[in-house]
Each structure stands twice: as C-alpha cells, then as structure tokens.
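Report on the structure
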Amino acid sequence: MRAAFRTLGCKVNQVETEALLGFLKALEPEVVPLEAGGADLVVINTCAVTTTAEADARKEIRRARRLNPEAFIVVTGCYAELSGEALAELGADAVVPNARKAELPKVILERFGLPSDPITTPPNEFWGAGERGLLNSRVRAFLKVQDGCQAGCAYCIIPRLRGKERHRDYREALAEAEALLRMGIREIVLTGVRLGSYRGHPRGLAGLVEDLHHLGAKVRLSSIEPEDTGEDLLRVMAKYAPAVRPHLHLSLQTGSDRLLRLMGRRYDKAYYRALVEKAYALIPGFALTTDVIAGLPTETEEEHRETLAFLEELRPSRVHAFTYTPRPKTRAASMPQVPVEIRKRRTKELIALAQRLAEERVRPKLGGEVEVLVERAQGGVALGHTPDYYEARLTGPARPGATVLARVEGVEGYTLLGAVVGVKEEAPLALPVL
C-alpha cells in the first residue's frame, strides 16, 4: 500500500508521526509524498497553536483529498481536538483527537482489515518508534517524555488541547533510547509540550539527560520554558558538552515585564537575563535561540522597543518572530487588541533584527572549524547540524551517523557552508549514502 504523512506544528507531533509508521509495519507501506497522489492512506497530524496553523490544517486536508481522492484520510493532532466535527466536511474519513492518539494504529489497521493486538497498539500515550523503525532519519530521533501543560498563559490554547501535564517514567524512556541506539541513532532529541516540567525521573530532566548520556547518546533538548530551567540542568549540560548539546531554546515572548505579567508568564526579564548569563558562563559553546510574539494585547510602541533592545542585549543565534493572533476562549482574546497593521509592522522589525543578530553571531565561525553530526549524504554533499544547532552543508566524504570536523567557508541564511577536513567519530553502522 502507499501511505503519505503530513506533520504540522511541534516536535511532539513529529515524534508521534514517526512512531506511527512503526506500528503500521503489518501494512508494509510504501511511504510516498502527499503531492504524488494515488495514496491508499493519508495521515495528517495537525496543529492549532495559532489561527494560521488552523488554516494550514484545513488547507492540507482539502489538498490531500483533492490529490488522493480514493485514500483513507485520517486527521489527528490539536486541530482534531479543537474542531473534530468540522473535519469530515473538509475530506477526513476518520478523526482521532489528541486524547485518543494512541488508538491511531488500531483505527488504521482495522480500516485495512488487519487486527490490532499488543504488538500493534501503543501501551500508553508515550509511544515511540523504539525498534519498530523510523519514518525519516536513522541518525537523529525524537523521544517524547512529557505531554500536557498547566501554565495557563493568557494567549495560549494548548492546555485545553493537550490536557494536564503527564510524565513518562524514566526507565521506560531509557529502554526506548537503548533501542534507538541499537538501530544506529546517534542523537536523541527530548521532546514534550512543556519539557522542562518533566518529573518522571527522581532528578527531573537533568537526571534523565545525564542517564541518556551514560547510555552513549548525544542528547538535544527541544524548546523549554525559562522558569523550568534549573541550575542542575545547566551543570549537566556543562559537564557533558558537546555530547549533551550546548543549545537551549528558551521561549521569551516579550521583553516587557508588564506584558509578561499580563500574559501569565512565570518569569521576568531579570530572571531570564540571569539564566542566560549563567548558561553562557557555565556551558562551553552555548547557543541561545528563542521566540517572541509581536503585538500582544495592549502592547505599546515603547514595549515593542523594549523587546528589540532586550534581544540586542541577549544576542541569540536565532529568533523566531510571530505575529499575535487572538485565540478564542483564551483570556488574551478579550483584552484590547493592537491593530493588525501595527502587529505586522512590528513582526517585520523583529525579523529584521533577528537576521542581523544571526549574521553577527555566525561571523566568528567563518574560517574556523566546527563539529557536525552528518544526517544525510548525497552526491558528495553532507547535511547535518553542529552541537550549537547550526545547519551545515558540507562537501567531502562523510557517512550518515559520523561526526566530522569541517572548515566553515561561507554562510547561506542560517546554514553553514564548508568542507569536511576530518572525522571525529565514525558512523556506528554502515548506513547507506543515498
């Protein structure tokens, strides 16, 4: 059978989509692009964090039905949780909300006449690929260890869509990590809706990261909240860098203390500043990335300028700038709104600053050497990431799974361009060069 997958939104969605394929091996699917048409099965894992994300989900469902008219189309994720009743009209044959996401394999297998059993049914919501196989790279893998959020930020609908916080037992997470390492995975990316709140280990996230390192994994963290980032975690990162990747994505949202309070954020600028300064001081080669929202309700021009100035001070290597859009049934939606044209203008100013900061941060790397984990290699070109989360495109001999040393010769956007000059760690398995 031919199966197409489309994942929108966060890394938690990505890990769940990857894992799903492992539970569908009984169908022996040939994974094809959704655009190719002729699929028997289409799975769309949706996002609803913004109204734009909702629009993208609707567009993908309609597009999937148009390009694959005979396919069994399954829609899951946050938009399915929010607007499940409307999805059939867009072309969905089955809707599986987040609360029932572990039933995805059962729904699909039964549709194609195959029984579900303990081998094909995830044991709980923290289901992952394990030894069943991965959808994409055999070099990096996502490991979901947390779900849900109870922070209740004024602008955010995620607590309603993902529910209360749940935490995966560390022994179960380590068992899956061992399975991934046996498959040749070199880097494990820990994910969760609110990853920093993880309490499935006696020492929290820091303890899990340290245990994963001792298994032999390179460990990267996905987005984490500033108030959840304790000194224990920073010291673990410092002790084991660069194998524990010296990079944190710490969500800022705004540089205005008044807006941070109004939006229900649990830190202020002084706390954020001190956290970042400590990370730079403790962790060799530390890199900060962050995100900000332009035009939060009641944001003044002065507060927008505060955000620009604070980013100048922090000097992150990458900034994701978003335009605020009101979410129904959130507190912020009922607050006085900044005019749309002003929101868009402020977003453009944030993006322009982000691009300049990125250029300034990457400039010292030119002419130097960086370490790169090779994820793909094709036609003499290797693609991968540095420990501090720069994309890299390299010429020269390299195998997926190897860690190479590369001379940086140029920059294209956020991607380092260079040449392989040596091998630091060989690939653990004879992974194919495509």
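Residues numbered from 1 in each chain as written. Predicted model: local features only at pLDDT ≥ 70, side-chain atom pairs only at ≥ 80, totals over all residues. Heavy atoms only, no water.

Here we take up helix α4 (residues 104-111). The set of residues buried in α4 consists of Leu104, Pro105, Ile108 and Leu109. For α4, the angular spread of buried residues about the axis comes to 115 degrees, placing them on one side. At its buried positions, α4 is contacted by α1 (11-23), β3 (41-46), β4 (72-77) and β5 (94-97). Phi turns positive, to about 80 degrees, at glycine 113, one or two residues after α4. (Buried < 20%, exposed > 50% of the residue type's maximum accessible area, 1.4 Å probe, protein only. Helix = DSSP H or I, 4+ residues; strand = E, 2+ residues; numbered from the N terminus. Arc of directions from axis to C-beta. Contact = heavy atoms within 4.5 Å.)

Turning to the sheet that holds strand β7 (residues 166-167), a few remarks are in order. If you trace the 4 strands from one edge of the open sheet to the other, you get β7-β6-β8-β9, paired in mixed fashion. Each edge of the open sheet carries a strand with a single partner, namely β7 and β9 (218-221). Where strand β6 (residues 140-147) lies against strand β8 (residues 187-192), 6 bridges are found, and the strand directions are parallel. Bridging across to β8, phenylalanine 142 finds its partner in valine 189. On top of the sheet, helix α6 (residues 170-182) reaches β6 and β8; it is set at about 170 degrees to β6, its chief contact. (Pairing = 2+ DSSP bridges. Axes fitted to C-alpha atoms, helices over the stretch in contact; angles between N-to-C directions.)

What follows deals with the nonpolar core. Counting 53 residues, the largest nonpolar core has Leu190, Leu205, Val209, Leu221 and Tyr272 as its most contacted members. Per-element tally for this core: the top contributor is helix α8 (residues 231-240), with 6 residues. Listed in part, the 26 residues of the second largest apolar core include Ala57, Ile73, Cys78 and Tyr79. (Core = buried A, V, L, I, M, F, W, Y, C linked by side-chain atoms within 4.5 Å.)

Working note: a packed helix pair is described by the angle between its axes plus the distance between those axes. For the pair helix α11 (residues 301-314) and helix α12 (residues 340-362), interaxial distance at closest approach is 10 Å and the crossing angle is 10 degrees. In terms of axis orientation, α11 runs roughly parallel to α12. In contact with Glu301, His304, Arg305, Thr307, Leu308, Leu311 and Glu312 of α11, α12 contributes Arg345, Arg346, Glu349, Leu350, Leu353, Arg356 and Leu357. Grouping the amino acids of the contact of α11 with α12 by side-chain chemistry returns 5 nonpolar, 2 polar and 7 charged. (Parallel < 35°, antiparallel > 145°, perpendicular 65-115°, else oblique. Nonpolar A, V, L, I, M, F, W, Y, C, P; charged D, E, K, R; others polar.)

Read around the closed barrel, the 5 strands follow the order β13-β14-β15-β17-β16; overall the barrel is mixed. On average, adjacent strands in this sheet sit at an angle of 50 degrees to one another, irrespective of strand direction.

Next up on the list: the pattern of salt bridges. Pairing between side chains of opposite charge can happen when the charged atoms of each approach one another. Enumeration according to the criterion identifies 51 salt bridges in this entry. Linking glutamate 210 and arginine 203 is a salt bridge whose minimum nitrogen-to-oxygen distance equals 2.6 Å. Taking the relative accessible area as the measure of exposure, arginine 203 reaches 38% and is therefore partly exposed. For the salt bridge of glutamate 299 with arginine 346, the shortest nitrogen-to-oxygen distance reads 2.9 Å. Here glutamate 299 is found in the loop between β11 (287-294) and α11, whereas its partner arginine 346 is found in helix α12, with 47 residues between them in sequence. The same class applies to glutamate 299 as to arginine 346, namely buried. Bridged by salt links that share partners, the residues Arg140, Glu187, Arg220, Arg245, Glu371, Glu375 and Lys424 form one connected network. (Salt bridge = Lys/Arg side-chain N within 4 Å of Asp/Glu carboxyl O.)

Take the confidence of the model for the chain next. This prediction gives the chain a mean pLDDT of 89; 94% of its residues lie at or above 70. A low-confidence stretch, residues 129-136 stays under pLDDT 50, and its non-local contacts, those more than four residues away or across chains, total 30 contacts. Contacts for the low-pLDDT stretch residues 430-434, under 50 throughout, to residues beyond four places or in other chains number 14 contacts. (pLDDT = per-residue confidence, 0-100.)

As a further point, take empty space enclosed by the protein. Where empty space is left in the structure can be found by rolling a water-sized probe over the atoms. Under the counting rule described, the total for this entry stands at 1 cavity of 30 Å³ or more. Approximately 70 Å³ is the volume found for the largest cavity. Every residue lining the largest cavity is listed: Thr289, Ser317, Arg318, Asp388, Tyr389, Tyr390 and Tyr414. Taken together, the residues that form the lining of the largest cavity break down as 3 nonpolar, 2 polar and 2 charged. (1 Å grid on protein atoms, 1.4 Å probe; cavity = no way out; pocket = protein on both sides within 12 Å on 5 of 7 lines; lining within 4 Å. Points joined across faces, edges and corners; volume = space filled by probe spheres on them.)

Attention now goes to the side chain of lysine 269. The topology assignment puts lysine 269 in helix α10 (residues 269-282). Accessibility expressed as a relative area gives 15% for lysine 269, which makes it buried. With residues near it in sequence (within four places) discarded, lysine 269 still touches Gly255, Ser256, Asp257, Leu260, Glu306 and Phe310.

It is worth spelling out the pairing of strand β12 (residues 318-323) at this point. Of the strand pairs in this sheet, β11 and β12 are connected by 6 bridges, and their pairing is parallel. Residue pairing across strands places valine 292 opposite alanine 321, the latter belonging to β12. Tracing the backbone out of β11, into α11 and back to the parallel element β12 gives a crossover that is right-handed. (Right-handed = clockwise from strand over helix to strand, strands pointing away.)

Of the consecutive residues alanine 241 and proline 242, the connecting peptide bond is found in the cis state with omega at 5 degrees. Note on placement: proline 242 falls in the loop between α8 and β10 (247-249). In the Ramachandran plot, glutamine 253 falls in the positive-phi region, its phi being about 80 degrees despite a non-glycine side chain. Note that glutamine 253 resides in the loop between β10 and α9 (257-262).

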